[in-house]
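# Observations on the three-dimensional arrangement
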Amino acid sequence: MSIGLVLEGGAMRGMYTAGVLDIFLDHNILVDGVVGVSAGVLFGVNYPSKQRGRVIRYNKRFAKEPKYMGMRSFLTTGNIINKDFAYYTVPQKLDVFDQETFEQSGVDFYATLTNVETGKPEYIKLHNLFDEMEVLRATAAMPLVSKIVEIDGKKYLDGGVADSIPIDKIRELGYDKVIVVLTRPIEYRKKPSDLTMYKLVYGKYPKFIETVKNRYENYNNTVERIIDMESKKEIFVIRPSKTVDVKRIERDENKLQEMYDLGVSDCSRCMEALKAYLGNCE
């Protein structure tokens, strides 16, 4: 039996996902493949690398560090998440990512990116994160506050623009069982985006603007489909049981911890049901 895992993005709401995945590690819940988006990729890679607690640890440690994220980084580099410090200094020197364990896990891990020129999602399989850090930057490059990331001549931004919850991709990959970790409560629905700034900044990319325009509708339709599939027991969904007021660029350590703790408690409560769904209930 093969198991696939979908990880929604949401910037610092991804602390919820980190809490969920740490409980997966505690209970030896293993998967064969992951399709992540944005923060779902950045934080999710610590699951196959088996680095329990790393996500909440380094985010709390550097939350107030101007070189990590925030307006100072945006004004000086054009990226609200600092390229050099967040993507290179932290994982290579200050809180080292375990590439060897990630590689040995055998998990097929895909990052979702939005191609700015086509407006379509693309899915890149990760092998060596230190060599492919620009893919991680691209999947999480929030529009308007991040520079476009170029990889092999293609231009990318946040994968969540084109495919916020890649349920179709995970099903296309053919897994027998699918787990979906969301970062919004069941009642959440997106509203239309104001396109004024998008048209000003991305006027050369009309297909990207069209994707932004349709994002809310695509997202809401996907949420409804997920609810339907969940009711039919075709997938297993873990989502926040309540709303936590966490900003996309959250610098309050207590709020980060609260979101993480909610992921821990929600996942712990549903663990027996998850094991039953997977067919390995102890």
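The structure reproduced in this document is the subject of the present report. Position labels on residues start from 1 in each chain and follow its written sequence. Where local features are concerned, this predicted model is filtered to residues with pLDDT of at least 70; where side-chain atom pairs are given and counted, the filter is 80 or more; whole-chain, interface and lining totals use all residues. Calculated side-chain values reflect all of the structure's heavy atoms, with hydrogen atoms and water omitted.

## Some thoughts on the overall build of the protein
Convention followed: Numbered from the N terminus, helices here are DSSP runs of H or I no shorter than four residues, and strands are runs of E no shorter than two. Our radius of gyration looks at C-alpha atoms and nothing else; its globule reference is 2.2 Å times the residue count to the power 0.38. Residue burial is assigned from relative accessible area. The probe radius is 1.4 Å, only protein chains are included, and a residue is buried under 20% of its type maximum, exposed over 50%, and partly exposed in between. Contact definition: two residues touch when any of their heavy atoms are within 4.5 Å. The protein chains shown are the only cover counted for residues, whose accessible areas, like all others here, come from Shrake-Rupley with a 1.4 Å probe. Charge convention: Lys and Arg are scored as positive, Asp and Glu as negative, and His as well as the terminal groups of each chain are ignored. For this purpose, a charge sits on NZ of Lys, CZ of Arg, CG of Asp or CD of Glu.
A tally of helices and strands in the protein yields twelve helices and eight strands. Its C-alpha atoms give the protein a radius of gyration of 18 Å, within 12% of the compact-globule value 19 Å for 282 residues. A principal-axis box enclosing the C-alpha atoms of the protein has dimensions of 55 × 40 × 35 Å. When each of the 282 residues of the protein is scored for burial, the buried share is 55%. Sequence-distant contacts in the protein: of pairs separated by 6 or more residues, those separated by 24 or more amount to 74%. Carbon and sulfur atoms make up 48% of the accessible area of the protein, which totals about 12600 Å². Averaging the locations of the 41 positively and 40 negatively charged side chains of the protein gives two centres separated by 5 Å.

## Re helix H1 (residues 14-26)
Basically, it comes down to this: Given the number of residues in a helix, its expected span is that number minus one, multiplied by 1.5 Å.
For H1, which comprises 13 residues, the first-to-last C-alpha distance of 19 Å matches the rise-based estimate of 18 Å (1.5 Å per residue) to within 8%. Counting buried residues along H1, eleven of its 13 residues qualify, which places the element largely inside the surrounding structure. Taken together, the buried positions of H1 are occupied by Gly-14, Met-15, Tyr-16, Thr-17, Ala-18, Gly-19, Val-20, Leu-21, Asp-22, Ile-23 and Phe-24.

## Comments concerning the side chain of Asp-22
Under the convention used in this document: Put simply, a salt bridge is a Lys or Arg side-chain nitrogen that is within 4 Å of an Asp or Glu carboxyl oxygen.
Summarising the element assignment, Asp-22 is placed in helix H1. It is Arg-52 that comes nearest to the buried, bridge-free Asp-22 among opposite-charge side chains, at 4.3 Å. In this structure, Asp-22 is in contact with Gln-51, Arg-52, Gly-53 and Tyr-260, ignoring residues within four places of it in sequence.

## What about the nonpolar core?
Basically, it comes down to this: What we call a nonpolar core is a set of buried Ala, Val, Leu, Ile, Met, Phe, Trp, Tyr and Cys residues that are connected through their side-chain atoms within 4.5 Å.
Leu-5, Met-15, Phe-24, Leu-126, Ile-179, Phe-208 and Ile-238 are the most contacted members of the largest nonpolar core, which totals 79 residues. The element contributing the most residues to this core is H1, with seven residues. When residues no more than four places from it in sequence are discounted, the contact partners of Met-15 are Phe-43, Val-55, Ile-56, Asn-59, Leu-256, Met-259 and Tyr-260. If you look at the next biggest cluster of nonpolar residues, it comprises 16 residues, including Ile-165, Tyr-175, Val-223 and Met-229.

## So, the pattern of salt bridges
Side chains bearing opposite charge may pair, as long as their charged atoms lie close to each other. The full count for this structure, using the stated rule, is 15 salt bridges. Salt-bridge contacts for Lys-169 lead to Glu-172; the nearest nitrogen and oxygen are separated by 3.2 Å. Of the two residues, Lys-169 and Glu-172 are both situated in helix H8 (residues 167-172); the distance of three residues between them amounts to about one turn of the helix. The exposed category is assigned to Glu-172, whose relative accessible area is 59%. When salt bridges that share partners are traced, they join Arg-54, Arg-57 and Asp-95 into one network.

## Some remarks on the packing of aromatic side chains
We count it as follows: Centres within 6.5 Å make a pair out of two Phe, Tyr or Trp rings, where for Trp the six-membered ring is used; the pair is then stacked when the planes are under 30 degrees apart, edge-to-face when over 60, and tilted otherwise.
Throughout the structure, instances matching the rule amount to eleven aromatic pairs. Their ring planes at 85° and their centres at 5.4 Å tell us that Phe-62 and Phe-85 sit as a pair that is edge-to-face. Of this pair, Phe-62 sits in helix H3 (residues 54-62) while Phe-85 sits in helix H5 (residues 83-94); the two residues are 23 residues apart in sequence, bridging distant segments of the chain. For Phe-62, a relative accessible area of 6% corresponds to the buried category. Owing to a relative accessible area of 8%, Phe-85 belongs among the buried residues under this scheme.

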